[in-house]
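# Chains, contacts and geometry: an overview
What follows is each chain in one-letter form.
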Amino acid sequence: MTTDLFSLSGRVALVTGASRGLGLAMAEALARHGAHVVINGRNEASLETAAAPLRAAGLSVETLAVDVGDGPATRAAIDALAGRHGRLDILICNAGIQHRKPLPEWEMQDWERIIHINLSSCFAMAQAAARHMVARRSGRIIMTGSGMSVLARPTVHGYVAAKSGLWGLTRSLAAELGPQGVNVNCIAPGFFKTELNEAILANPEFVAWVEGRTPLKRWAEPAEIGGAAVFLAAAAGSYVNGHLLAVDGGLISVV
């Protein structure tokens, strides 16, 4: 094993939902540790805006505009990426959406949209990436779960169901792919200051509740997710498989 436990030199990584927020923070962390990082999102212009400062810092970054909800397009994009680089070492399934409504106001299309993007698309991407990783008997698949993978709040029913399912999917993939050289893990972020949380960040009472509920007494900054991604992707995490790594300031550890 290399003595540089956190080096990702020579690795190729794909991070979905990486034009902003936690995805971009994880992509930058991987790139700063030597990986060639492919940042994914739906909008090419947004991706280029996100990639520009990383490239200016000398990091190796390319963009991939494809909707993770489009299974055939996503599989084709992953195959093309792996073919172009000769490998795909790391996949971070991070793209996700939110929907907050009291139960009577939910429509079935709301539920299906959340489950499709936050859970089903992760299965499809992992399946596509695993073919290339298994062939080389080496790879890392990282899911972005949530504190809601193990806890729950009202009004976000689809999100809680999807993130709980993602933690279950992580375990089943780890069981199957581990013997074939592919580690599968899940990062469970707590409350981060991201655009996905704009609605609740605008509520001073809720912001204060999170600060009081979290042992570190504050919200997280997006950059604080990067270390967990690097750890799970690098040699330092070589024997970590089927694990839920909470990056939540201790939120899910206390009552």
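In the block above lies the structure referred to throughout.
Summarised in this report is the structure supplied together with it. For clarity, every value in this text was computed on a predicted model and none was experimentally measured.

### Details of helix H4 (residues 108-136)
- Between its first and last C-alpha, H4 extends 41 Å over 29 residues, near the 42 Å set by a 1.5 Å rise per residue.
- Residue His116 marks the point of greatest curvature in H4, where the axis turns by about 40 degrees.
- Following H4 by one or two positions, Arg137 has its phi on the positive side, about 55 degrees.

### What about the pattern of salt bridges?
- Here the structure, examined in full by the defined rule, presents nine salt bridges.
- For Glu28, the salt bridge is made with Arg32, and the minimal N-O distance between the two is 2.8 Å. In this pair, Glu28 and Arg32 are both assigned in helix H1 (residues 21-32), four residues apart and thus about one turn of the helix distant.
- Ionic pairing is found between Arg131 and Asp79, a salt bridge with its closest N-O pair at 3.4 Å. Linking Arg131 in helix H4 with Asp79 in helix H3 (residues 71-85), this pair joins segments that are 52 residues apart in sequence.
- For Arg131, a relative accessible area of 44% corresponds to the partly exposed category.
- You can call Asp79 partly exposed: its relative accessible area is 31%.
- One salt-bridge network, in which partners are shared between bridges, spans Arg87, Asp89 and Arg136.

### Digging into the nonpolar core
- Judged by nonpolar contacts, the single largest core of 39 residues is most densely connected at Leu14, Leu88, Leu91, Ile141 and Met143.
- Breaking this core down by element, the ones donating at least two residues are strand S1 (12-15), H3, strand S4 (90-93), H4, strand S5 (139-144), helix H5 (157-177) and strand S6 (182-189).
- Among the elements that line this core, the one with the most residues is H4, at 10 residues.
- Residues contacting Leu88, with those up to four places away along its chain left out, are Val12, Ala13, Leu14, Ile78, Leu81, Ala82, Ala129 and Met133.

### Regarding the environment of Asn40
- By the secondary structure assignment, Asn40 is in strand S2 (residues 36-41).
- With a relative accessible area of 2%, Asn40 lands in the buried category.
- In the structure, Asn40 is positioned 27 residues away from Asp67 in sequence and 8.5 Å away in space, judged by C-alpha atoms.
- Aside from chain neighbours lying at most four places away, what touches Asn40 is Leu14, Val15, Thr16, Gly17, Ala18, Ser19, Leu47, Leu64, Val66 and Val68.
- A distance of 3.0 Å separates a polar atom in the side chain of Asn40 from the backbone oxygen of Val66.

Calculation notes
Residues numbered from 1 in each chain as written. Predicted model: local features only at pLDDT ≥ 70, side-chain atom pairs only at ≥ 80, totals over all residues. Heavy atoms only, no water. Helix = DSSP H or I, 4+ residues; strand = E, 2+ residues; numbered from the N terminus. Expected span 1.5 Å × (residues − 1). Bend = angle between axes of the 7 residues up to and from the residue. Salt bridge = Lys/Arg side-chain N within 4 Å of Asp/Glu carboxyl O. Buried < 20%, exposed > 50% of the residue type's maximum accessible area, 1.4 Å probe, protein only. Core = buried A, V, L, I, M, F, W, Y, C linked by side-chain atoms within 4.5 Å. Contact = heavy atoms within 4.5 Å. Polar contact = N/O pair within 3.5 Å; in protein donor to acceptor, adjacent residues only side chain to side chain.

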